[in-house]
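# Report on the structure
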Amino acid sequence: MGFLDILLGRTKPVAPDLDQLFAVPSTALTLEAAAGFTPTGRGSVCFTTVEGGAFTQIRQDVEALLNADTERDGTPVEFSRDEYGYTWLLSRRTPAELPELVGDLHAVNSALQDSGFGPQLLCSLVGFRDAEGQAFALVYLYKRGTFYPFAPLAGSGEKRDSALELRIKAVIADDLRIEQDLARWFPVWGAPGLDV
């Protein structure tokens, strides 16, 4: 970073550290013990779609890799596009298979990054739910290398439970690299893997 960058307030972007995802299973133990939340077995990766043969091939390779696990029930991997044009890959596992789910998300992110499509990656999320049915997601921001909780209020349209998000932040602060800029805690309304 140069002197002019410092004067103008520009910062060097944080390099993504996909291995941060592997901290989620141990964080899940903290969440269960301290707040009563357990994994839902659903997680997803969001990215901007790029037209072209190379991107289509990577997408097919990722889908084939994740669908090769014959121990899964139902449709393990599903692609969808949201109203903003972003593509979501949803991976389904049993709640007890959180390490495998995180491995799926890491594999998708790594495949896209290693093929030169890292700039298209936006976020990954893992769903959690408590006994009362309150759901939230741990969201990993690819370009920031940080996590934040996103907790929509069930049945209230596009409203979020900010108090729960801050409580989850306090619970997991020692386990994950938390995004400190609350303005970057973007809502991911209707994200696959976050069943409200």
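Below, the structure is looked at part by part. (Residues numbered from 1 in each chain as written. Predicted model: local features only at pLDDT ≥ 70, side-chain atom pairs only at ≥ 80, totals over all residues. Heavy atoms only, no water.)

Turning to the packing of aromatic side chains, a few remarks are in order. Summed over the entire model, instances satisfying the criterion amount to five aromatic pairs. Measuring from centroid to centroid gives 5.3 Å for F128 and F136, while their planes differ by 15°, and the two rings are stacked. The pair formed by F128 and F136 is uniform in burial state, with each residue classed as buried. Arranged with centres 5.9 Å apart and planes meeting at 20°, the rings of Y148 and W185 form a pair that is stacked. Of the two residues, Y148 sits in strand β6 (residues 146-150) while W185 sits in the segment after α5 (162-172), which places them 37 residues apart along the sequence. (Phe/Tyr/Trp six-rings, centres within 6.5 Å; stacked < 30°, edge-to-face > 60°. Buried < 20%, exposed > 50% of the residue type's maximum accessible area, 1.4 Å probe, protein only. Helix = DSSP H or I, 4+ residues; strand = E, 2+ residues; numbered from the N terminus.)

With that settled, the discussion passes to the side chain of E165. Topologically, E165 is positioned in helix α5. The exposure class of E165 is buried, given its relative accessible area of 4%. With residues up to four places along the chain from it excluded, the contact list for E165 reads P149, F150, A151, R160 and W185. (Contact = heavy atoms within 4.5 Å.)

If a probe as big as a water molecule is rolled over the atoms, it shows which places are left empty. Put simply, the largest pocket is a space of about 510 Å³. If you go around the largest pocket, you meet 26 residues; those closest to its centre are C46, Y86, L122, P187 and V188. Among the elements of the structure, β2 (77-81), β3 (86-92), β4 (121-129) and β5 (135-141) are those that each provide at least two residues to the lining of the largest pocket. A per-element tally of the lining of the largest pocket places β4 first, with three residues. A per-class count over the lining of the largest pocket returns 17 nonpolar, two polar and seven charged. (1 Å grid on protein atoms, 1.4 Å probe; cavity = no way out; pocket = protein on both sides within 12 Å on 5 of 7 lines; lining within 4 Å. Points joined across faces, edges and corners; volume = space filled by probe spheres on them. Nonpolar A, V, L, I, M, F, W, Y, C, P; charged D, E, K, R; others polar.)

That is the geometry; function is a separate question.
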